[in-house]
Structures are given as structure tokens and as C-alpha cells.
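Notes for the structure review
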Amino acid sequence: MAEPTFQSLIEDLEKYLEYQRDEGVQRLEVERAVLEELASEPLTEAPEEKIVEAVPVPADFADIGQLAAYIGQCRSCPLCQTRNLTVPGEGRTDGPDIMFVGEGPGADEDEQGRPFVGKAGQLLDKMIEAMGYSRGDVYIANVVKCRPPQNRKPHPEEMQMCLPYLRQQIRMIRPKVLVGLGGTAMEGLLGRPVGITRIRGVWQEYEGIRLMPTFHPSYLLRDASKKKDAWLDLKAVLAELGKTPPPRK
Ligand code: URA
């Protein structure tokens, strides 16, 4: 077997930490020697991060397209410095049954300006289809509209700056049910950190709209054994809408 490289070790560590984060772990103890070892390697891509300009979000957009155009110009947080395209969201905007909320764009989304178009997006598409919908029947958005570098979790200040956009979207779109995909989406919607493993499957409420927390598709790609639980959550959403899943193809 090939010797692991420093890069591959870092990638494995990153996956492990993402897994822990999705499990709701908020703190880890790391030995000083390990930190010193990591710090001795040069870091790639570390742009200087500073707030550029905090812009209050107006409440009177004519439609969701105008809001998306406004998001496209946003320079309220440091993520604007490293993004390629903003990813406002897409789908049905006239009171769809379901609006899915994820964490933030990854590399593919940043390239295309569309939410959930990478590997996690392919799984989300399957989840939507298993529920008897197509992508165009639902709305899909994220807590932050610009890609965090290296797909890290968005910082609290970035979430705070961006959340007014999501809130505005939900107010304009008025979905019947919200589905929060993963801990960060739930943290954004509920305004407090949550452990997704504990909260998933338990109905919450956001501004009078029923909100179902479930696992993020990226997490399901890392741990397929959790797909059963996610499917229970999605079936609960269908039941809330008075529907049952279509027969499997
Ligand atoms: N993960 C997310 O949370 N959102 C996307 O749009 C893509 C991947």
C-alpha cells in the first residue's frame, strides 16, 4: 500500500472532523505536539479575511429574481473575496410543498451558481425523487450564498451576514414545509447550535412553518447507514403534507 502523504493525511483528518461536526461535536482536545507538527507545514490558500462592507438587506424586493440579483452583488462578508459565483437558490417559488435548506455552496455550486449540483446534490436529487417530486417542484437554498474556502463550515459572522437573505427567501417563497439539511442549516434556522443526530426527525418550527431536521446528503455519502433515518424523516415530511411515497421504480 502506498505511504500516506501529508496532503492525504490532512484530507482524512478533514473528513473525520467533518464527521464529528455533523455528529454535533463542538470541541476536540488536540495535543500540542500535533498542532506544532501541523503548523510546521506551509498552508495553501489562506486569503486575508476581513469584512468589506456590511449592507442591510431591504425588505421590499419585487420578486425572488430581484433578491437573487441583490445577493449577486453582495460584499458583506469575506466570502465574497474568494467566491466565483453567488448561489442564491433555485426551484419553485410560489408556495412549494417543500423548501430544502443546506449549509453553503461547494466547488461545483460555486462554479455553476446553482445549489446542490455536486455529489451531495446528486443524492439530494434522488431523495427528492424518492419522495415523488422533481427538483423543479421544490425550492433549494443554503444558509450562506458563497462558498467557504476549502468547504469549511461558515463562520458565525458569515452566517449572521447571510441569514437575512435566507429569511427573506422563506418569507417570499412560503413553503408548506422546511427541511433543514444538517447541523449548520438547523443552526442557521433555529439561531442556536444543534446536534443533528439528536434533533433529526423531531419537528421544529420556523416562523410558523413546520421544519424537519435531517442529515445533510454529504454526511449520508460518508455514512450510508444513516440513510434509513433520513428516509424516515422524509416520509414524516410527506405525511405532514398528506402524501405517501410513490412506489419504488
Ligand atoms: N452542500 C450544501 O450544503 N449546499 C450546496 O449547495 C451543496 C453542497
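What you see is a predicted model, and the numbers here were worked out from it, not measured in a lab.

**Describing the packing of helix α3 (residues 64-72) against helix α6 (residues 156-173)**
Angle between the axes and distance between the axes are the two parameters that describe a pair of packed helices. Taken N-terminus to C-terminus, the directions of α3 and α6 make an angle of 170 degrees; their axes are 10 Å apart at the nearest point. Between α3 and α6, the interaxial angle falls into the category roughly antiparallel. Of the residues in α6, those in contact with Ile-64, Leu-67, Tyr-70 and Ile-71 of α3 are Tyr-165, Gln-168, Gln-169, Met-172 and Ile-173. Counted by class, the contact of α3 with α6 contains seven nonpolar, two polar and no charged residues.

**Describing the environment of Arg-198**
Tracing the backbone through its elements, the reader meets Arg-198 in helix α8 (residues 196-199). Since its relative accessible area comes to 66%, Arg-198 is described here as exposed. Separated by 15 residues in sequence, Arg-198 and Pro-213 have C-alpha atoms that sit 9.8 Å apart.

**Digging into the environment of Pro-105**
One can find Pro-105 in the loop between β2 (98-102) and α4 (107-112). Residue Pro-105 is classed as buried on the basis of its relative accessible area of 3%. Sequence-wise, Pro-105 and Gly-118 are 13 residues apart; in three dimensions their C-alpha atoms are separated by 9.4 Å. Excluding residues within four positions of it along the chain, Pro-105 makes contact with Val-87, Asp-110, Asn-142, Val-144, Lys-145, Cys-146, Arg-147, Pro-148 and Asn-151.

**Notes on the pattern of salt bridges**
All told, the structure shown has 13 salt bridges when counted by the stated rule. Residues Glu-240 and Arg-210 are paired through a salt bridge, measuring 3.3 Å at the closest nitrogen-oxygen approach. Within this pair, whereas Glu-240 is found in helix α10 (residues 227-240), its partner Arg-210 is found in strand β6 (residues 209-214), the two being separated by 30 residues in sequence. Overall, Glu-240 belongs to the partly exposed group, its relative accessible area being 36%. On the accessibility criterion, Arg-210 (31% relative accessible area) is partly exposed.

**Regarding the nonpolar core**
Ile-98, Met-99, Phe-100 and Leu-166 are the most contacted members of the largest nonpolar core, which has 55 residues in total. The dominant element in this core, judged by the number of residues it contributes, is α6, at seven residues. Discounting chain neighbours no more than four positions away, the residues touching Phe-100 are Leu-124, Ile-128, Met-131, Val-138, Tyr-139, Ile-140, Ala-141, Val-179, Leu-181 and Leu-234.

**Here we look at the sheet that holds strand β5 (residues 204-206)**
Read from one edge of the open sheet, six strands run β1-β3-β2-β4-β6-β5, paired in mixed fashion. With one partner strand each, in any of the chains shown, β1 (90-91) and β5 form the two edges of the open sheet. Contacting β2, β4 (177-181), β5 and β6, helix α7 (residues 183-190) crosses the sheet at an angle of about 130 degrees to β4.

The rules behind each value
- Residues numbered from 1 in each chain as written.
- Predicted model: local features only at pLDDT ≥ 70, side-chain atom pairs only at ≥ 80, totals over all residues.
- Heavy atoms only, no water.
- Axes fitted to C-alpha atoms, helices over the stretch in contact; angles between N-to-C directions.
- Helix = DSSP H or I, 4+ residues; strand = E, 2+ residues; numbered from the N terminus.
- Parallel < 35°, antiparallel > 145°, perpendicular 65-115°, else oblique.
- Contact = heavy atoms within 4.5 Å.
- Nonpolar A, V, L, I, M, F, W, Y, C, P; charged D, E, K, R; others polar.
- Buried < 20%, exposed > 50% of the residue type's maximum accessible area, 1.4 Å probe, protein only.
- Salt bridge = Lys/Arg side-chain N within 4 Å of Asp/Glu carboxyl O.
- Core = buried A, V, L, I, M, F, W, Y, C linked by side-chain atoms within 4.5 Å.
- Pairing = 2+ DSSP bridges.

These values are about where atoms sit, not about what they do.
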